[in-house]
Amino acid sequence: MIRPGTGVSCASCDRTTVTNRGALCGKGRTAAQVLSPAVRLTTPLVRSGGRLVEAGWGEALDLIADRLGRTRREHGADALGVFGGGGLTNEKAYALGKFARVVLGTSQIDYNGRFCMSSAAAAGTRAFGLDRGLPFPLEDVPRTGCVILVGSNLAETMPPSLRFFTELRENGGTLIVVDPRRTRTAEQADLHLAPRPGTDLALALGLLHLVVAEGRTDERFVRERTTGWEGARAAAMAHWPEYVERITGVSVPELRQAVRMFCEPESAMVLTARGPEQQAKGTDTVGAWINLCLATGRAGRPLSGYGCLTGQGNGQGGREHGQKADQLPGYRKLDDPVARRHVAGVWGVDPDSLPGPGRSAYELLDALGTDIRALLLMGSNPVVSAPHAAHVEERLRSLDFLAVADVVLSETAELADVVLPVTQWAEETGTTTSLEGRVLLRRRAVAPPPGVRSDLFVLHELAGRLGVEKGFPTDAEEVFGELRRASAGGPADYSGITYRRLVEENGVFWPCPETPEVHEVSGGHEGPEAREAPTGQAGLRGPVDEGPEGPEAPEAREASAGRAGLTGPEGYRPEAREAQGVPARPAGAAVHPGTPRLFLERFATPDGRARFVAVAHRAAAEEPDGAYPLLLTTGRVVAQYQSGAQTRRVAELNAAAPGPFVELHPRLAARLGAAEGDRLAVVSRRGRAVAPARITTAIRPDTVFMPFHWPGEGRANTLTNPALDPTSRMPEFKSCAVRVEVLGPEE
């Protein structure tokens, strides 16, 4: 319940929502405090005389349009950059990607979600032909036999989800947690494996070696539903247990115990998070864990599979609809000619006018002030959240022009030439997509303060000022209607989802292709404008299903469901809905049920088989040496969120987590001569961060940990390594070489 006015608060939540069952963590419970005008932006700001001063909306928008237009004329479209965020609704992420490519004509767009799930997405796509965080609902977790949770401290990062793992153990299942620290999550585990940071790939290969050596391979599953096993098996057999113990620090008996716990039940899952993913070999690391699932038949079967735990409010939906550098809506590839024709038809532009793939997130930020002269940034705070953050801050300062749309005056917004105050979660309607692929409708609860506008309004107004009068509506439902058409037939097919269905069914899982009857069933809820597709120049409209090659046939829509593990028309029957765990619709309602569980009959590859990929352990991009003898790993704490731009404005959360710290083992502290609370300088090849010591046996003696929520001298990302994964372009946040210097007691 949102109570508008003074003292606004989150008092309760819809307990029919399966994902969190109505529960809120401290961040969620206090989130409404950021709705207060006292802690957020309420008027546009423009830079004058070296400082930000209040301005009107017209002045601010005119200035942005003028500077973007001038930069494009003088330096070309790719001198313009756009940087989005994983917290944007599906509608805003879609509109931002369209704005970059249609209005600005730039290829230079990416978003902060590149720093979250990109390695898991790349590995999942490579193995299964499709990336969706979880291929099953969270409600399946308590019913499986074993879960290996790799590099996730969900007890602090996603507290409401912990109950699913508690229920798993109550039901007789087991939990294995892989983390270099004994976190609150690891304390709940039946087995905690604490590998050296950066060695998760070797650990997964060692477990697969033992699976083969102990005869635990599911030969029939491998033979009938996979390809590439011979190469993957040979790679794993080069990682014998004693070798893996030397690399990881995980003992051979622990390795054998983990294999027994994972293989003995009839079903099991592997779930990864940022630990194995935020590495310069993150795609291969996740791929090794997927290989473990495939070799044991723990994929494409009920209550089994590989999944990724997303890290942002719309971490799943944010990576599906076009704000990534290489992506078009519906999780289509930007370099796919068929995808370009389809989306261009929906947008009413020439496919050849769409730019090609651009730079990934860090590469885009690194190019600021040189190739990229002006930047529009929405919903991100890279001054705190990006790797090698001091360098990124320098690049931002070197821009000719920076415009930021945000809820609060973040550290990045403080550098801007124009800052626009925009609405947040309770003040706007829009959809998000959960880590399970469940599309959810979030409805406006309160009016924003006077002077605050939506991101959709910003894009609409800028598009008009830059010469595109149509195609950027401010109504979220109208935008979603176009998103549905743009996604139709793509991997993340939303075409059968409407706002009405989201209300009636409390969320719908994609892929959910449209059927001919969908408009009749939805009762025309969207209105005629949303049921027509834009054609021609910037928003002229035509028939709903007619793209550049004519109306899309029903069998094409059915095929998109088949690729995801449904089998053609079967997916439309009421009994298919029940088999998927979806409530039945009224008799005669031929509506696709959505797809809670993927891959049960086939994987989303051309031949329907999952792909093993042969991978081998390799060292981290930066290993300790004489000058930097320790490893740094980073993460989150329960009372703060991401860059802290919003949570650091909540008194209760600041009281619980007032600032950064350096976590180190007592043996390391004794060697350094450090006491609890002493100021420590952590130094890497990129910079220096200072924070008080927190001494604990919960961390390895060769590793230190810092949370990354704070700016200033305690900014952990000053230290982190921007070395990139060659496939996902993920930076290596989770491991870098450092030394620690004791500065003395904190004053």
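This write-up is about the structure you can find in this document. Please read these numbers as outputs of a predicted model, since none were measured by experiment.

**A short note on the pairing of strand β2 (residues 51-54)**
Pairing of strand β1 (residues 45-48) with β2 involves four bridges; the strand directions are antiparallel. Within β2, the position partnered with V46 by the bridge is V53. Here β1 hands over to β2 after two residues, with G49 in that stretch at a positive phi of 60°.

**Observations concerning the nonpolar core**
If you look at the biggest cluster of nonpolar residues, it comprises 116 residues, and the most contacted ones within it are F99, F128, I148, F262, W289, Y306 and L420. Once residues lying within four places of it in the same chain are set aside, the contact partners of F262 are C146, I148, A268, M269, V270, L292, C293, T296 and R298. Among the nonpolar cores identified, the runner-up in size contains 27 residues, and L45, Y362, A367 and L368 belong to it.

**Brief notes about the pairing of strand β16 (residues 430-433)**
Burial along β16 is two-sided: G430 and T432 facing one way and T431 and T433 facing the other are all buried. Count of turn residues in the β16/strand β17 (residues 438-442) antiparallel hairpin: four residues, of which G437 carries a positive phi of about 85°.

**Some points on the pattern of salt bridges**
One pass over the full model with this rule turns up 43 salt bridges. A salt bridge links D284 to R618; the nearest nitrogen and oxygen atoms lie 2.9 Å apart. Taken together, the residues span a long stretch of sequence, with D284 in helix α13 (residues 282-295) and R618 in the loop between β23 (610-611) and β24 (630-635) at a distance of 334 residues. We classify R618 as partly exposed; its relative accessible area is 32%. E514 is paired through a salt bridge with R484; the nearest N and O atoms lie 3.5 Å apart. You can see E514 sitting in the loop between β18 (508-509) and α21 (518-521) and its partner R484 sitting in helix α19 (residues 476-487), a full 30 residues away along the chain. Like E514, the residue R484 is buried in the burial classification. Overlapping salt bridges, with partners in common, bring together K92, E428, R442 and D455 in one network.

**Structural notes on α13**
Counted at 1.5 Å a residue, the expected span for α13 with its 14 residues is 20 Å, and the 20 Å between its end C-alpha atoms agrees. Burial within α13 is extensive, with 14 of its 14 residues counted as buried.

**Examining unusual backbone geometry**
With an omega of 0°, the peptide bond between W510 and P511 qualifies as cis. Of note, P511 is situated in the loop between β18 and α21. One non-glycine residue, Y331, adopts positive backbone phi at about 65°. Position of Y331 relative to the elements: it lies in the loop between β11 (327-328) and β12 (332-333). Its relative accessible area of 12% is what places Y331 among the buried residues.

Cut-offs used in this document
- Residues numbered from 1 in each chain as written.
- Predicted model: local features only at pLDDT ≥ 70, side-chain atom pairs only at ≥ 80, totals over all residues.
- Heavy atoms only, no water.
- Pairing = 2+ DSSP bridges.
- Helix = DSSP H or I, 4+ residues; strand = E, 2+ residues; numbered from the N terminus.
- Core = buried A, V, L, I, M, F, W, Y, C linked by side-chain atoms within 4.5 Å.
- Buried < 20%, exposed > 50% of the residue type's maximum accessible area, 1.4 Å probe, protein only.
- Contact = heavy atoms within 4.5 Å.
- Salt bridge = Lys/Arg side-chain N within 4 Å of Asp/Glu carboxyl O.
- Expected span 1.5 Å × (residues − 1).

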